[in-house]
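Read off the chains here:
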Amino acid sequence: MTENADLPASSGQRILVVEDEALIRMDLVEMLTESGHTVVGEASNGEAAVVRARELEPDLILMDVKMPGLDGITAAERIGKVAPIVLLTAFSDDNLIDRARDAGVMAYVVKPFTMDDLRPAISLARARWMEQRSLEAEIADLEGRFEARKVMDRAKGVLMSRLGIDEPEAFRWLQKNAMDRRMGMREVAEAVIGSRRESAEGG
């Protein structure tokens, strides 16, 4: 892993940009650099993306879906757990989203986009990535991870509704409370869900 892999999602990230259209790739590099990120590498197709991702171990990968040869989703499957991936797509149909999720993609942005569109996607992808790494460290078996993910998602939903915060902030709330209380994140999530039930029953 890279040395700043555990920094908050809002920090400047080391990003690999994968886009087959040179002008869009240049615009992306410029937008990201002006926003405080460091573009550590570029690629114009899926095969090169897999190689560059493994070489560079970036904090995040921005990757187009439609590319000659290996498409972005197939490349994401091959890249695996090297880094969180934000997919760039001209379409947002359900089938694409399902395929992307199954491939391990953490967020997506629909073209055309601006930095205001990219910023929350990058933040969300990093937060989900750190959440996944934290859960995997706590829970060894696959079934346990699936159950823990459901608990975490429910707890984040409770916090988002109760505190008026977004998903990355809800994750950071759970992470901070787990550290402060010296508890596992799943335990804190279960406590949040339990307090909601008690509140509902008491009301």
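None of these values were measured; they are calculated from a predicted model.

Colleague: I would appreciate a short explanation of unusual backbone geometry in the present structure.
Modeller: Phi is mostly negative for residues that are not glycine, and the peptide bonds are mostly trans. Omega for the bond connecting Lys 111 with Pro 112 falls within 30 degrees of zero, at -10°, which places this linkage in the cis form. Structurally, Pro 112 can be placed in the loop between β5 (107–110) and α5 (115–138).

Colleague: I tried to follow the nonpolar core on my own but got confused; where do I start?
Modeller: Side chains of a nonpolar character, in soluble globular proteins, are inclined to be buried together. The biggest cluster of nonpolar side chains holds 22 residues, and the ones touching the most others in it are Val 18, Ile 61, Met 63, Ile 79, Ile 85 and Leu 87. Elements represented by at least two residues in this core include exactly β1 (14–18), α2 (46–56), β3 (60–64), α3 (72–79), β4 (85–89) and α4 (94–102). A per-element tally of this core places α3 first, with four residues. Leave out the neighbours within four places in its chain, and Met 63 touches Val 18, Ala 49, Gly 72, Ala 75, Ala 76, Ile 79, Ile 85, Val 86, Leu 87 and Leu 88. Grouped together as the second largest cluster of nonpolar side chains are 20 residues, Leu 28, Met 106, Phe 113 and Ala 121 included.

Colleague: Help me understand the environment of Lys 111, please; the structure alone is not making it clear to me.
Modeller: As for its placement among the helices and strands, Lys 111 is situated in the loop between β5 and α5. Between the C-alpha atoms of Lys 111 and Leu 88, which are 23 residues apart in sequence, the distance is 6.7 Å. The contact partners of Lys 111, leaving out residues within four places of it in the chain, are Glu 19, Ile 24, Asp 64, Leu 88, Thr 89 and Ala 90. Side chain to side chain, Lys 111 and Asp 64 meet in a polar contact 3.0 Å long.

Rules behind the numbers
Residues numbered from 1 in each chain as written. Predicted model: local features only at pLDDT ≥ 70, side-chain atom pairs only at ≥ 80, totals over all residues. Heavy atoms only, no water. Helix = DSSP H or I, 4+ residues; strand = E, 2+ residues; numbered from the N terminus. Core = buried A, V, L, I, M, F, W, Y, C linked by side-chain atoms within 4.5 Å. Buried < 20%, exposed > 50% of the residue type's maximum accessible area, 1.4 Å probe, protein only. Contact = heavy atoms within 4.5 Å. Polar contact = N/O pair within 3.5 Å; in protein donor to acceptor, adjacent residues only side chain to side chain.

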